[in-house]
Amino acid sequence: PRGMLQKGALAGKSFKKSIYLAVLKISGLLNNVSWHATNTDEMADIIREFGKSSAIFIAGNIPKKPIEKHSLIQKDPGELKLVYLSLITEKKNLLQLISVITGLKEDISLDIYGPVKDEAYWKTCLKYINASAGKINYKGDVLPEKVQEVFAVYHTSVLLTKGENFGHALYESLSAGRPVITSYFTAWNNLKEKKAGWNVDISANNEIADVFTEVYKMDQPEYDQYCIGAYSLASEYYQSGY
């Protein structure tokens, strides 16, 4: 399912998805299907939708090695350079991110990278981008081997996703020593306690805005702690054998 059975992912176009899942169950097409889950949380999602008798195998994602030595960048209070690097689809929730950024008075910038997979959704995003007075810019796609380099030139990455079974973009940001701001619908939670980023409730725009403002006001010593924490979290995950 690759995260598509998470409650957050099912909430979008929920009526259509509920009909689709109901037809699948009734049809018997899945009677002899074996499921691949990335972790125990995804296994629980499969069981919730298709029952305890489902044949499920857990196999974690193989992550990219963290960069050899992460660098710290300048961070003064009153500045924040955000980056979104992911597929552009409704599930990744870029539109909400854009709308929150455009509503902020602070000088916070957002650069967007990634291939457009949903043209209709992207057209709506563009309306907000064009009205952002240059605060938000689309930078196109990135070669896989360049992703960590891109993350390294920004203060923080943001992915307000509605559902990820792992979150490769989040891991790669952490592996470049950059903290992340994301939802609770990923494998990367308790980020603030680990000094590696922030989890936010995507049903509350004010909470998202408050986190942006918090990072915007950070000085160099406090921000550096989060960069170190981000790199440590990714390194621990990589060395654990997944």
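Within each chain, residue numbers correspond to sequence positions counted from 1 in written order. Side-chain atom pairs in this predicted model are given and counted only at pLDDT of 80 or more, local residue features only at pLDDT of at least 70, and totals for whole chains, interfaces and linings cover all residues. Only hydrogens and water are set aside when side-chain values are computed; all heavy atoms of the structure are taken into account.

Chemist: Sorry, what's going on with helix 8 (residues 205-216) here?
Modeler: Each helix is a run of DSSP H or I of at least 4 residues and each strand a run of E of at least 2, with the numbering of both proceeding from the N terminus. Between the first and last residue of a helix there are one fewer steps than residues, each counted as 1.5 Å, and that sum is the expected span. For helix 8, with 12 residues, the first-to-last C-alpha span of 16 Å sits near the 16 Å given by 1.5 Å per residue. For helix 8, every residue scored as buried is listed here: Ile-208, Ala-209, Val-211, Phe-212, Thr-213, Val-215 and Tyr-216. Buried residues in helix 8 make contact with strand 3 (80-85), helix 4 (94-102), strand 4 (108-113), strand 6 (156-159), strand 7 (180-182) and strand 8 (197-199). Any residue under 20% of the maximum accessible area for its type is buried, any over 50% is exposed, and the rest in between are partly exposed; the area is computed with a 1.4 Å probe on protein chains only. Any two residues having at least one pair of non-hydrogen atoms within 4.5 Å are treated as being in contact.

Chemist: What is the right way to look at a nonpolar patch on the surface in this model?
Modeler: Only residues above 30% relative accessible area that lack a salt bridge enter a patch, with like-charged residues linked at up to 9 Å and the nonpolar side chains Val, Leu, Ile, Met, Phe, Trp and Tyr linked at up to 5 Å. Residue-level accessible areas treat just the shown protein chains as cover; the underlying method is Shrake-Rupley with a 1.4 Å probe. Salt-bridge detection follows one rule: a side-chain nitrogen of Lys or Arg within 4 Å of a carboxyl oxygen of Asp or Glu. Where nonpolar side chains cluster on the molecular surface, the patch consists of Phe-15, Ile-19 and Val-23 and spans about 330 Å² of accessible area. On the secondary structure map, Ile-19 appears in helix 2 (residues 14-27). Classification of Ile-19 by relative accessible area gives partly exposed; the value is 42%.

Chemist: Explanation requested: unusual backbone geometry in the structure shown.
Modeler: Most of the time, phi is negative for any residue but glycine, and the peptide bond is trans. Even without a glycine there, the phi angle at Ala-133 is positive, about 55°. For Asn-190, which is not glycine, the phi torsion reads 55° and is therefore positive. Position of Asn-190 among the secondary structure elements: in the loop between strand 7 and strand 8. You can call Asn-190 partly exposed: its relative accessible area is 46%.

Chemist: Explanation requested: the pattern of salt bridges in the structure shown.
Modeler: It is possible for side chains bearing opposite charge to pair when their charged atoms get close. For the coordinates displayed, the defined rule picks out nine salt bridges. Among the salt bridges present, the one from Glu-90 reaches Lys-13, with a minimum N-O distance of 3.8 Å. Taken as a pair, Glu-90 in the loop between strand 3 and helix 4 and Lys-13 in the loop between helix 1 (7-11) and helix 2 lie far apart in primary sequence, 77 residues in all. The partner of Lys-146 in a salt bridge is Glu-149, with the nearest N and O atoms 4.0 Å apart. Taking the relative accessible area as the measure of exposure, Lys-146 reaches 38% and is therefore partly exposed.

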